[in-house]
Structures are given as structure tokens and as C-alpha cells.
Amino acid sequence: MAETLFGAAPGAGSASAEIIDVTDFAREVIERSQQIPVLVDFWADWCGPCKQLTPMIEAAVRRFAGRVVLAKVDTERHQQWAQRAGVRSIPNVKLIIGGRVVDEFTGVQPQSTIEQWLEQMLPPPPVDVVAEADALLAQGHVEDAHALLMQALQDPQSPPGVPLRLARLLLLEDPQSALGLIAQIPPGTREHDDAQAMQRVLAFMQLSADDLEASPAKAPYVEAARRLSEGQIEAAMDSLIDAVRADRKFNEDAARKRLIDLFDWLGSGDERTREYRLRLYDVL
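Residues numbered from 1 in each chain as written. Predicted model: local features only at pLDDT ≥ 70, side-chain atom pairs only at ≥ 80, totals over all residues. Heavy atoms only, no water.

Caption draft 1: Inspection of the overall build of the protein at higher detail. Of the regular secondary structure elements, the protein holds 13 helices and six strands. Its C-alpha radius of gyration of 28 Å places the protein more than 25% over the 19 Å reference for a compact globule of 284 residues. Across its three principal axes, the protein shows a C-alpha extent of roughly 85 × 35 × 30 Å. Looking at the protein as a whole, 43% of its 284 residues qualify as buried. Counting contacts in the protein only where the partners sit at least 6 residues apart, residues at least 24 apart contribute 61% of the total. Taking the 29 positively charged and 43 negatively charged side chains of the protein as two groups, their mean positions are separated by 3 Å. (Helix = DSSP H or I, 4+ residues; strand = E, 2+ residues; numbered from the N terminus. Rg over C-alpha atoms; globule rule 2.2 N^0.38 Å. Buried < 20%, exposed > 50% of the residue type's maximum accessible area, 1.4 Å probe, protein only. Contact = heavy atoms within 4.5 Å. Lys, Arg positive; Asp, Glu negative; His and termini not counted. Charge placed at Lys NZ, Arg CZ, Asp CG, Glu CD.)

Structure representation (C-alpha cells):
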């Protein structure tokens, strides 16, 4: 069944509540269904079967929290909505997706039946691409994570975590592409700070020793930049630890700050971040 109810109104409605009493059908049902499926329960206070259905349908909807909204319509108060929706007897339940009724049922149904029906009719839950990529990286499947992130990047709605993780993977081997990805991460997001840290890492790899003050920390600090530009991450971190140990105040605490940038680049889940963070604490 694919009839249009009142026309598919454009616009975005927020699915902030799982269960609502409808006061504006066009906005709370039709517009909202453009973003999330809406299950409309047509009922009345005098209807005994409606009262039987209520706890079962509400429990079923709670099981699918985040995937569907339950909109309750009192047919005594809003007879015109029931008539225009083609409701002939109650309880009547219609599933509306994108402004269209995709299926419905009439009468009392067991909760298990309602749940099975919703499982069949609702779109599958969205895949958390970032979490999936992180899992692949944790298992050492870098190429698979890279392919997954590249595919996700084609979606204009992809979260900031996608370009951030791609930039992490490409920072050493393709700095220009990494910079392009970093530029896609909007300010105000939690990923933006990590993106800024990666920009500082890239700038560090282009370090000019001539701009640095004389200090026992200068040689290991410059060595760290060289090693990092050659992809020797752990060796670079070793040299930065040496620089901190030699002169904590060198270049306004630069060695410690670069280590923090490296931690932010690698991510808190990386074993090197955990190991070298402890080593830095020991030195400090």
C-alpha cells in the first residue's frame, strides 16, 4: 500500500519523543515521517480494544527506540484526520514513511506480532561507520577500514569522524590529501580539535632548525621531526621524550606539546598513545 496522506510535505521534523499525542498532524506525522518512520495509532477513549492495544504497541515501539515514533491520534477530537486517513474502524494503526502509508493493521494484535511486523517494515538501523572503521583498525585491517571510510565519505551526511579517520590514515603517506580532509571537519565539533592537532603534526614535520633557540633539547627535537617525516613514529616519540627530559621549557614547552599532538593524532585507543603518555608522565 502506498497512498499519499495529504501530500508529502517537505521539511525536517525532530524525532525527540518516542511517543506523542498528535496536535498537528501535518507537522508531527507527515513532516516527521520524512526523517523517521511514524506509527500512527488512531484510538478513542470509549474504545475498549484501543485500551487493550495501548500497552502492547507502546512496548513494541520502545523496543525500536530511535527507529520509529508512535503518534497517537484521538479520533473523537480529530475526526477530520481519521476521515482523511481512511480510518473505518478502531483501533487502526498505520505506518507512515516519507509521507506515505506503507502498511497498517486494525484491531488488537499481540506485542510479539507487532514487533515482528515492525522488524519487517522498518528500514534497517543505520550503520555506525565510524565505530565499524574503529573496530577494523583495532583488528589491524587497515585496508578494509580505508575502503569503508572512502565509501562513507561519498555521503554528504557522513559524520565528521569519517574525514578525521581518513586523515589519520593518510597523514604521513599523503599529507595534501590529509589536509583536504581536515578542512572538511567543521569547527565546533569534537573532531575539530584532533584535526587541528594533525595540522600541527604536519607543520612539525616541516620544521626548520634555524628558527629554534639553542638548547640541549634542540637536537632531539629536530631529530624527532626528521624521523616522523620518514614515518618512524615511535622513534620520533622517543626523541621527543628525550627533548622533554633535556629541557622542559625549550621553545615554550614544544616537545611536550608535540607529543600531545601525536597522541591526539593516533587516538586514545592506540597502544603507542597509552605507552608514551605514561612515559611522558614519568619524565614530567
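Back to the write-up after that little detour.
Caption draft 2: The pairing of strand E6 (residues 100-106), seen in detail. Relative to E6, strand E5 (residues 92-97) is paired through six bridges, and the arrangement is antiparallel. Directly across from lysine 94, in E6, lies its bridge partner glutamate 104. Linking E5 to E6, which pair antiparallel, is a turn of two residues; within it glycine 98 sits at a positive phi near 60°. (Pairing = 2+ DSSP bridges.)

Caption draft 3: Representation of the nonpolar core within the structure. Ranked by internal contacts, the top residues of the largest apolar core, which has 47 residues, are Tyr221, Leu228, Met237, Leu240, Leu259 and Trp265. Every residue in contact with tryptophan 265, bar those within four places of it in the chain, is listed here: Arg168, Leu171, Leu172, Met198, Val201, Leu228 and Ile233. Ile30, Ala44, Val69 and Ile90 belong to the second largest nonpolar core, which has 22 residues in total. (Core = buried A, V, L, I, M, F, W, Y, C linked by side-chain atoms within 4.5 Å.)

Caption draft 4: The state of the cysteines, seen in detail. For the coordinates displayed, the defined rule picks out one disulfide. Disulfide pairing is shown between cysteine 47 and cysteine 50; the S-S distance is 2.4 Å. An S-S torsion of about 80° defines the bridge between cysteine 47 and cysteine 50 as right-handed. Of the two residues examined, cysteine 47 and cysteine 50, each falls in the buried class. (Disulfide = S-S within 2.5 Å.)

Caption draft 5: How the structure looks around helix H11 (residues 233-246). The end-to-end C-alpha distance of H11 is 20 Å, a good match for the 20 Å that 14 residues give at a rise of 1.5 Å each. Three or more residues of H11 are buried, namely Ile233, Ala235, Ala236, Met237, Ser239, Leu240, Ile241, Ala243 and Val244. For H11, the secondary structure elements touched by its buried residues are helix H9 (190-205), helix H10 (218-229), helix H12 (254-266) and helix H13 (271-283). (Expected span 1.5 Å × (residues − 1).)

Caption draft 6: Region of the structure containing helix H5 (residues 129-138). When H5 is considered as a whole, its buried residues turn out to be Val129, Val130, Ala133 and Leu136. Across the axial projection of H5, the buried residues extend over an arc of 125°, all falling on one side. Those residues of H5 that are buried are in contact with helix H6 (142-153) and helix H7 (161-170). Two residues or fewer past H5, glycine 140 is found with a positive phi of approximately 85°. (Arc of directions from axis to C-beta.)

Caption draft 7: Here's a closer look at the packing of H9 against H10. Between H9 and H10, whose axes approach to 8 Å, the crossing angle comes to 105°. In terms of axis orientation, H9 runs roughly perpendicular to H10. Packed against H9, whose contacting residues are Val201, Phe204 and Met205, the element H10 presents Tyr221, Ala224, Ala225, Leu228 and Ser229 at the interface. In terms of residue class, the contact of H9 with H10 is made up of seven nonpolar, one polar and no charged. (Axes fitted to C-alpha atoms, helices over the stretch in contact; angles between N-to-C directions. Parallel < 35°, antiparallel > 145°, perpendicular 65-115°, else oblique. Nonpolar A, V, L, I, M, F, W, Y, C, P; charged D, E, K, R; others polar.)

Caption draft 8: Spotlight on a nonpolar patch on the surface. A cluster of nonpolar side chains, namely Leu278, Tyr281 and Leu284, defines an oily patch on the protein surface of about 340 Å² accessible area. Residue position: tyrosine 281 is located in helix H13. Overall, tyrosine 281 belongs to the exposed group, its relative accessible area being 52%. (Patch = residues over 30% accessible without salt bridge, like charges linked within 9 Å, V, L, I, M, F, W, Y side chains within 5 Å. Areas by Shrake-Rupley, 256 points an atom, 1.4 Å probe, with all protein chains shown as cover. Salt bridge = Lys/Arg side-chain N within 4 Å of Asp/Glu carboxyl O.)

Caption draft 9: Structural context of the pattern of salt bridges. In this structure the tally under the stated criterion is 20 salt bridges. In this structure, the salt-bridge partner of arginine 245 is aspartate 242, at a minimum N-O distance of 3.0 Å. In this pair, arginine 245 and aspartate 242 are both assigned in helix H11, three residues apart and thus about one turn of the helix distant. Of the residues examined, arginine 245 reaches a relative accessible area of 51% and is grouped as exposed. On the accessibility criterion, aspartate 242 (37% relative accessible area) is partly exposed. The partner of aspartate 270 in a salt bridge is arginine 272, with the nearest N and O atoms 3.0 Å apart. The class of arginine 272 is partly exposed, set by a relative accessible area of 23%. Through salt bridges with shared partners, one network takes in Glu223, Arg226, Arg227 and Glu230.

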